[in-house]
Amino acid sequence: MNKKFFTLPKERQQSILNAGYQVFSRNSYKKSPVGEIAAIAGISKSLLFYYFRNKQDLYLFLWENCLRITSQYMNASGCYSKQDLFEMIYCGMQAKMHLLYQYPDLGAFAIQAFYEKDPDVCPAIHASYEQYKNTDAKDALENLDPSQFIEGIDIRMMYREMYLAAEGYLWEMLHKEELDYNKMEQDLLELTAFWKKIYSRKK
């Protein structure tokens, strides 16, 4: 990658990234036309390749950027410092909603890329994912007080169930023609209240 990409105004950088997320989220790696990404970003294909050496370079940069900014948003939200697991889940999903507001196709791209099988990008994607996976969440879970939950509950399994349900909800919303952030926030409030009612130890 050409470091001059980072000298571009932030708005121009974001338009190029969003164009990449949009096209790569709707097609496999091999079937995603780089020319379409350039057209959506409002630049020439040759200029896009000036900033990124080739299609693989662009794709892997988008993936690494996806992991990096997701981690930044999650940590900035303070969700991993929450002592209440349900508040942590809700706060984390709020952070992801704010992220999707800035990068509407990032979530769909992340899932598409994770299941991509092309040998040109698959090994690098899974290698980097292992480095990021649940590192902050793991520490947060270890600091939770188990006495706040019903007796005998497997905290990691409970967290995984809630995490997958919340991610599934976001995935469903991503397929709507237009995201309704107010409805999403209300739905997540109701969902976390439901989990809390089920899993919290009765006082």
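Look up a bit, the structure's there.
The following refers to the structure shown.

Analysis parameters
- Residues numbered from 1 in each chain as written.
- Predicted model: local features only at pLDDT ≥ 70, side-chain atom pairs only at ≥ 80, totals over all residues.
- Heavy atoms only, no water.
- Helix = DSSP H or I, 4+ residues; strand = E, 2+ residues; numbered from the N terminus.
- Buried < 20%, exposed > 50% of the residue type's maximum accessible area, 1.4 Å probe, protein only.
- Contact = heavy atoms within 4.5 Å.
- Core = buried A, V, L, I, M, F, W, Y, C linked by side-chain atoms within 4.5 Å.
- Salt bridge = Lys/Arg side-chain N within 4 Å of Asp/Glu carboxyl O.
- Patch = residues over 30% accessible without salt bridge, like charges linked within 9 Å, V, L, I, M, F, W, Y side chains within 5 Å.
- Areas by Shrake-Rupley, 256 points an atom, 1.4 Å probe, with all protein chains shown as cover.
- Axes fitted to C-alpha atoms, helices over the stretch in contact; angles between N-to-C directions.
- Parallel < 35°, antiparallel > 145°, perpendicular 65-115°, else oblique.
- Left-handed = near helix turned anticlockwise from the far one by under 90°.
- Nonpolar A, V, L, I, M, F, W, Y, C, P; charged D, E, K, R; others polar.

It is worth spelling out the overall build of the protein at this point. Within the protein, the secondary structure is distributed over 10 helices and zero strands. N-terminal to C-terminal, the α/β element order of the protein is α-α-α-α-α-α-α-α-α-α. Here the protein holds 203 residues, and the buried ones make up 43% of them. Sequence-distant contacts in the protein: of pairs separated by 6 or more residues, those separated by 24 or more amount to 72%.

Counting residues in hydrophobic clusters, the biggest one holds 32 residues, and the most contacted among them are Ile 16, Leu 48 and Phe 109. For this core, the secondary structure elements donating two or more residues are α1 (10-26), α2 (34-41), α3 (45-51), α4 (55-77) and α6 (106-114). No other element matches the eight residues that α4 contributes to this core. Setting aside anything within four residues of it in sequence, one finds Leu 48 in contact with Ile 16, Val 34, Ile 37, Ala 38, Ile 43 and Leu 58. Grouped together as the second largest cluster of nonpolar side chains are 30 residues, Leu 85, Ile 89, Ile 155 and Met 173 included.

For the rest of this paragraph, the subject is the environment of Ala 108. With respect to the helices, strands and loops of the structure, Ala 108 is situated in helix α6. With a relative accessible area of 15%, Ala 108 lands in the buried category.

Scanning all chains against the criterion turns up six salt bridges. As a salt-bridge pair, Lys 82 and Glu 87 come within 3.5 Å of each other at their nearest N and O atoms.

This paragraph deals with a nonpolar patch on the surface. On the surface, a cluster of nonpolar side chains totalling about 300 Å² of accessible area is made up of Ile 111, Tyr 115 and Trp 171. Positionally, Trp 171 belongs in helix α9 (residues 155-174). Residue Trp 171 is classed as partly exposed on the basis of its relative accessible area, which comes to 32%.

For the rest of this paragraph, the subject is the environment of Met 158. Mapping Met 158 onto the fold places it in helix α9. Met 158 sits in the buried class, given a relative accessible area of 2%. Expressed as a C-alpha distance, the spacing of Met 158 and Ile 43, which sit 115 residues apart in the sequence, is 47 Å.

Two elements in contact, α4 and helix α5 (residues 85-102), have axes whose closest approach is 9 Å; the angle formed by their N-to-C orientations is 135 degrees. Between α4 and α5, the angle is such that the two are oblique. The chirality of how α4 crosses α5 is right-handed. Seen from α4, the contacting residues are Ile 69, Thr 70, Tyr 73, Met 74 and Ser 77; seen from α5, they are Cys 91, Gly 92, Ala 95, Lys 96, His 98, Leu 99 and Gln 102. Residue composition of the contact of α4 with α5, grouped by class: six nonpolar, five polar and one charged.

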